[in-house]
Each structure stands twice: as C-alpha cells, then as structure tokens.
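# An overview of the molecular structure
What follows is the residue order along each chain.
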Amino acid sequence: MMATTHALVGAAIAAAVATALPETAPIALAAAVVGSVFPDLDLYAGHRRTLHYPAYYWVVLAAALVVAALSPSPLAVAAALFLLGAAVHSVMDAFGGGLELRPWEGNSERAVYDHLNGRWLAPKRWVPYDGAPEDLLLAGLLSAPAFLVFGDDPLLGAGLVGVLAVSTAWVVLRRRVATVSERLAAALPAGIRAYVPDRFLAAR
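Residues numbered from 1 in each chain as written. Predicted model: local features only at pLDDT ≥ 70, side-chain atom pairs only at ≥ 80, totals over all residues. Heavy atoms only, no water.

All right, on to the nonpolar core then. Looking at soluble globular proteins, one finds that nonpolar side chains tend to be buried together. Counting residues in hydrophobic clusters, the biggest one holds 25 residues, and the most contacted among them are Leu-8, Ala-14, Leu-81 and Phe-150. Elements with a contribution of two residues or more to this core: α1 (3–20), α2 (25–37), α4 (74–92), α5 (133–150) and α6 (154–187). A total of eight residues in this core trace back to one element, the largest contributor, which is α1. Filtering out sequence-adjacent residues up to four positions away, Leu-8 remains in contact with Ala-139, Leu-142, Ser-143, Leu-160, Val-163 and Leu-164. Membership of the second largest hydrophobic core comes to eight residues, among which are Leu-51, Tyr-57, Leu-61 and Ala-64. (Core = buried A, V, L, I, M, F, W, Y, C linked by side-chain atoms within 4.5 Å. Buried < 20%, exposed > 50% of the residue type's maximum accessible area, 1.4 Å probe, protein only. Helix = DSSP H or I, 4+ residues; strand = E, 2+ residues; numbered from the N terminus. Contact = heavy atoms within 4.5 Å.)

Have a look at this one:
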C-alpha cells in the first residue's frame, strides 16, 4: 500500500486517541503518523523485512501500553502510538500486493517477512498493489476521521488534502513509474547496479 495510506492510518489512530484524550492530540498525531510510515524506511535495504515486524511490534507494543498506563507521560504515549502505527503497517502489507516492481502482475508470493516463524507471508491482494484505485479508496476512507478531528486546523486540514493529492497523483503515475525505474536501473554502471534491489532489474 502507498506510504500515504499508511500515514493516514496513523492519522486515524491519532484521531481516535485525541477524541478520548484531547490533551494528547499533537503528540498523538506526530507519533502515530511517524510510526505508521517508519517501516518503509527499509525500501532499498531488505524491503518489508528489515523494519517490518508483523509479530514482534505487537509484543513490544504490549509492554509500551503497560508503561503508558502506569505512567502516562507524553513520551510513553508517543512510544506506544509509534509502535502501534508500525505494527499496523507491518500487518497491512500482508493484505496488499507482492514484493515486486509490477505487483499488478501477481508474480511474487512475498508480501512481508514474518520473523517469528522465519518465512514470508503471501500477499492476500485485497488491495492489489500500492497505487491501485482500491488503495486510493482506502486512503480516502482513512482520512475521514482525521478530517473530523483535525480538519478545523487550517494547517492540518491542508496537510490532509495534500496527502490525498499525492495519493491521487501516485495512482495516476504508478505504472509509468515502474517502467521508468526499471529503465533507469538498467542504465546504471555495473558497479552501481549491483546495489540496486533485484526487483528493479527484473525483466518485464
């Protein structure tokens, strides 16, 4: 799924928390959104394996929730929401497409790595690939609670609109970007190309 979709998951989580605990709204929004996009920092280094932990994030999150319940400091709340965002992201990727340059072709059976069981989880393709129309629909649905809670703030409202605009542009350009990325990767010098993830070098 799109990074923007994951970010909106974080915004939706923060909206729920801010509704119950209004005083935590700023830190809840920041921590949940950052946590929700954090796993994708492994995009070019073992994507969906290096920073994606569909099982272990939940274990650490449980401990963080206990700490936050016993001592609800801003730092404890932020840590718990960061971990919740990362945990949800890691699980969500299993419901998307496979780990390949053109996931709409359905050639990869690797969605996200399950470190607990030492295997790749197969993609369920409920959202066929990042940038699919279904992905944009999901992003739109996830933005609703964030607009309801944070939309009155001009800056946050504009930010949410911007995220949806970027999502729409990615949906329009997604397939073209795959072709351009592959051609650029193939044109790189051999020494540099050795460091490019295999999925960018695969034949169409």
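Now that the structure has been shown, we can carry on.
What follows is about the side chain of Ser-108. Relative to the elements of secondary structure, Ser-108 occurs in the loop between α4 and β1 (112–114). Not counting residues up to four positions away in its chain, the partners in contact with Ser-108 are Gly-98, Leu-99, Glu-100, Pro-123 and Arg-125.

Turning our attention to the pattern of salt bridges. Enumeration over the complete set of coordinates arrives at four salt bridges. With a closest N to O distance of 3.9 Å, Arg-48 and Asp-93 form a salt bridge. With Arg-48 in the loop between α2 and α3 (56–70) and Asp-93 in the loop between α4 and β1, this pair connects stretches of sequence that are 45 residues apart. Asp-93 matches Arg-48 in its accessibility class, with the two residues each being buried. In this structure, the salt-bridge partner of Asp-130 is Arg-174, at a minimum N-O distance of 3.0 Å. You can see Asp-130 sitting in the loop between β2 (119–121) and α5 and its partner Arg-174 sitting in helix α6, a full 44 residues away along the chain. Classification of Asp-130 as buried rests on a relative accessible area of 18%. (Salt bridge = Lys/Arg side-chain N within 4 Å of Asp/Glu carboxyl O.)

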